[in-house]
Amino acid sequence: GKWVLLQNCHLAPSFMTTLEGLVEKLNPEELNQDFRLWLTACPSPAFPISILQLGIKMTIEPPKGLKQAMLRAFMSIDESWFDTCTKPKEFHK
């Protein structure tokens, strides 16, 4: 029932054929019902279409502009993370 996350698959085009073979061999009847395979990638012609057809696709649109990107990144940080800083004086400059 483990989850597997392969990030930035578009950066490994030579592995895509191997990944495609592995995914096609997965038998849902033999897998634990809690098993999940998550893949992240930017659009790429090297990404196998068969994997896209077998899976559920989610998209996240990047925010427009640097200001929105920084705001989104800052808002995703949990408030308690700031309290774990070992150098609060330098951190709060």
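Just so you know, these numbers come straight off a predicted model, no measurement behind them.

Rules behind the numbers
Residues numbered from 1 in each chain as written. Predicted model: local features only at pLDDT ≥ 70, side-chain atom pairs only at ≥ 80, totals over all residues. Heavy atoms only, no water. Helix = DSSP H or I, 4+ residues; strand = E, 2+ residues; numbered from the N terminus. Rg over C-alpha atoms; globule rule 2.2 N^0.38 Å. Buried < 20%, exposed > 50% of the residue type's maximum accessible area, 1.4 Å probe, protein only. Disulfide = S-S within 2.5 Å.

1. Let's talk about the overall build of the protein
Point 1. Of the regular secondary structure elements, the protein holds five helices and two strands.
Point 2. The secondary structure elements of the protein, listed N-terminal to C-terminal, are β-α-β-α-α-α-α.
Point 3. Expected size for 93 residues packed as a compact globule is a radius of gyration near 12 Å; at 19 Å, the protein overshoots this value by more than 25%.
Point 4. By its C-alpha atoms, the protein is 55 × 30 × 20 Å across when sized along the principal axes.
Point 5. For the protein, buried positions account for 10% of its 93 residues.

2. Considering the state of the cysteines
Point 1. Within this structure, the stated rule accounts for zero disulfides.
Point 2. In this structure Cys42 is a free cysteine whose sulfur lies 11 Å from that of Cys9, the closest cysteine sulfur available.
Point 3. Taking relative accessible area as the criterion, Cys42 reaches 44% and is therefore assigned partly exposed.

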